[in-house]
Amino acid sequence: FGGEMPAGGAAAEREKRRKNRMKLATVRYQDKVYSGVVKDGNFYHFKKSDSSLPEDMIEFIEGYDRYRPVVEERLVRAEKTCAAAEAAFLSPIPQPRTFRDFMSFEEHVINSGKAADYDDATMERMLAVWRKLPAFYFSNTNVFFGPDEPVKMHPTSQRFDIEFEIAVIVGK
């Protein structure tokens, strides 16, 4: 900035950025699925804001540098699609192209080994390798659900094992 920020300036700047923040979302509203942004308690469908914007969230993310200024400019004049509370929130990226599930915690590795009934020597070798190079696997991209979607258990299942996952989109 050149110079010192006035007292309270950093907090004021953070609050300003927080208020101006857009949250990407995919929602179901009136039996249709839309990708867009949530701002100030309302949902704005990309296409309703500007016809040059893509319908698909992955396409929006890929072209983010090009699309962000359009959304920021048009959003101030756009008509909301609905109040956020009226929409059912789906997974922001309903079907990502890839999904890697990392075994991030040693306890997870140990529990996996116990479930596979590995002996102590095998477990030690497995942990030694994992400590040098944490393991991941490519998982099923068809199993993403948003907070307003039911997660159904197959009728013949004996146990319901559900995990909370956190996603990180790595860009440029």
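Each remark here, short or long, concerns the structure printed above.
Presented here is a report on the structure given in the accompanying data block. (Residues numbered from 1 in each chain as written. Predicted model: local features only at pLDDT ≥ 70, side-chain atom pairs only at ≥ 80, totals over all residues. Heavy atoms only, no water.)

Here we take up the overall build of the protein chain. When you go through the protein chain residue by residue, the secondary structure sums to 6 helices and 7 strands. Ordering the α and β elements of the protein chain from the N terminus gives α-β-β-β-α-α-α-β-β-β-α-α-β. Counted over contacts in the protein chain with a minimum sequence separation of 6, partners at least 24 positions apart contribute 59%. (Helix = DSSP H or I, 4+ residues; strand = E, 2+ residues; numbered from the N terminus. Contact = heavy atoms within 4.5 Å.)

What follows concerns the nonpolar core. Of all hydrophobic cores here, the largest spans 12 residues; its members are Val37, Tyr44, Phe46, Leu53, Met57, Ile58, Phe60, Tyr67, Val71, Leu75, Ala78 and Ile93. Counting residues per element, the ones that place at least two in this core are α3 (57–62) and α4 (64–75). The contacts of leucine 53, once residues within four sequence positions are left out, are Phe46, Lys47, Tyr67, Val70 and Val71. Listed in part, the 10 residues of the second largest apolar core include Tyr29, Val38, Phe43 and Cys82. (Core = buried A, V, L, I, M, F, W, Y, C linked by side-chain atoms within 4.5 Å. Buried < 20%, exposed > 50% of the residue type's maximum accessible area, 1.4 Å probe, protein only.)

Bringing the pattern of salt bridges into the picture now. Scanning all chains against the criterion turns up 7 salt bridges. In this structure, arginine 77 and glutamate 73 form a salt bridge, with 3.9 Å as the shortest nitrogen-oxygen distance. Across the pair glutamate 106 and arginine 131 runs a salt bridge whose closest N-O atoms are separated by 2.9 Å. Of this pair, glutamate 106 sits in helix α5 (residues 106–115) while arginine 131 is found in helix α6 (residues 120–132), placing the two residues 25 residues apart along the sequence. The class for glutamate 106 is partly exposed, based on a relative accessible area of 31%. One salt-bridge network, in which partners are shared between bridges, spans Asp50, Glu73, Arg74 and Arg77. (Salt bridge = Lys/Arg side-chain N within 4 Å of Asp/Glu carboxyl O.)

Just distances and angles here, no functional claims.
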